[in-house]
Amino acid sequence: DSGVTQTPKHLITATGQRVTLRCSPRSGDLSVYWYQQSLDQGLQFLIQYYNGEERAKGNILERFSAQQFPDLHSELNLSSLELGDSALYFCASSVDPQVGSYEQYFGPGTRLTVT
Amino acid sequence: AQSVTQLDSQVPVFEEAPVELRCNYSSSVSVYLFWYVQYPNQGLQLLLKYLSGSTLVKGINGFEAEFNKSQTSFHLRKPSVHISDTAEYFCAVSGRGSQGNLIFGKGTKLSVKP
């Protein structure tokens, strides 16, 4: 158990819908990362937050957004869903990468299926 | 920008045999290197990491990796594998001075046969 929790574990929804994925980082970790794992694209970095502020952006679509709340949990919002958005979404957490070891702890993931 | 190439998508091996999973990276800056393992229907678990210092790093479950700067490689090795090592292995890189986001390779599926 990494200490990172993600809910829900599975999500099935229809095209055009909007969903919210939730992540709680390890106790003491201020940085949260979101990754998408799909068969065709592999593991891709989406976005990073540190202590409530966006720190880095990767290959995140404009239909996707995220935020980190004062209690440090994070939410990834996916809207206008398409079939191609079906994937496993991981959250990871770490201490501040500027002073830490860059070691990231991954949650169990949320499997999103868009029908 | 960084990129990672895992040269083998699948590696079948017999139990108790040695194994090497290959990883090459490309980067215009110095990097930190990682190997993660993903068991079926689970998240990613860190096996080992290279940040600085000794180029031979040891990780969990008997795995080790060697950082070779001249060949831009970070191959993962285990002298004797077990059935329980069957999983997908991902090599990842992060640029020094970056925000720590990881760039992953496509993964190598290790299949250990009895």
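Please refer to the structure higher up on the page.
Heads up: these notes are all about the structure in this document. Note that the structure is a prediction, hence the values are computed from the model and not measured.

1. Considerations on the layout of surface pockets
Right, so step 1: Roughly 780 Å³ of volume is contained in the largest pocket.
Right, so step 2: Lining the largest pocket are 28 residues, with Q37, L39 and R111 of chain A together with Q38 and E88 of chain B sitting closest to its centre.
Right, so step 3: Counting only elements with at least two residues in the lining of the largest pocket, the list comes to β4 (31–38) of chain A together with β10 (87–95) and β12 (108–113) of chain B.
Right, so step 4: Across the lining of the largest pocket, the residue classes break down as eight nonpolar, 14 polar and six charged.
Right, so step 5: What the second largest pocket holds in volume is close to 350 Å³.
Right, so step 6: D1, S2 and F106 of chain A together with L44 and Q45 of chain B are the residues nearest the centre of the second largest pocket, which is lined by 18 residues in total.
Right, so step 7: Breaking the lining of the second largest pocket down by element, the ones donating at least two residues are β10 (105–106) of chain A together with β5 (31–38) and β6 (44–50) of chain B.
Right, so step 8: Of the residues forming the lining of the second largest pocket, the biggest block, three residues, is contributed by β6 of chain B.

2. Looking at the pattern of salt bridges
Residues and elements named next belong to chain A.
Right, so step 1: Applying the stated rule across the entire model yields nine salt bridges over all chains.
Right, so step 2: A salt bridge links D29 to R26, with the nearest nitrogen and oxygen atoms 2.8 Å apart.
Right, so step 3: According to the relative accessible area criterion, D29 is buried, its value standing at 2%.
Right, so step 4: Measuring nitrogen to oxygen at the nearest pair gives 2.8 Å for the salt bridge that ties R63 to D85. Taken together, the residues span a long stretch of sequence, with R63 in the loop between β6 (53–57) and β7 (64–68) and D85 in the loop between β8 (74–78) and β9 (87–94) at a distance of 22 residues. Of the two residues, R63 and D85, both sit in the buried class.
Right, so step 5: Through salt bridges that share partners, R63, E82 and D85 make up one connected network.

Each value, and the rule that gives it
- Residues numbered from 1 in each chain as written.
- Chains lettered and ligands numbered in written order.
- Predicted model: local features only at pLDDT ≥ 70, side-chain atom pairs only at ≥ 80, totals over all residues.
- Heavy atoms only, no water.
- 1 Å grid on protein atoms, 1.4 Å probe; cavity = no way out; pocket = protein on both sides within 12 Å on 5 of 7 lines; lining within 4 Å.
- Points joined across faces, edges and corners; volume = space filled by probe spheres on them.
- Helix = DSSP H or I, 4+ residues; strand = E, 2+ residues; numbered from the N terminus.
- Nonpolar A, V, L, I, M, F, W, Y, C, P; charged D, E, K, R; others polar.
- Salt bridge = Lys/Arg side-chain N within 4 Å of Asp/Glu carboxyl O.
- Buried < 20%, exposed > 50% of the residue type's maximum accessible area, 1.4 Å probe, protein only.

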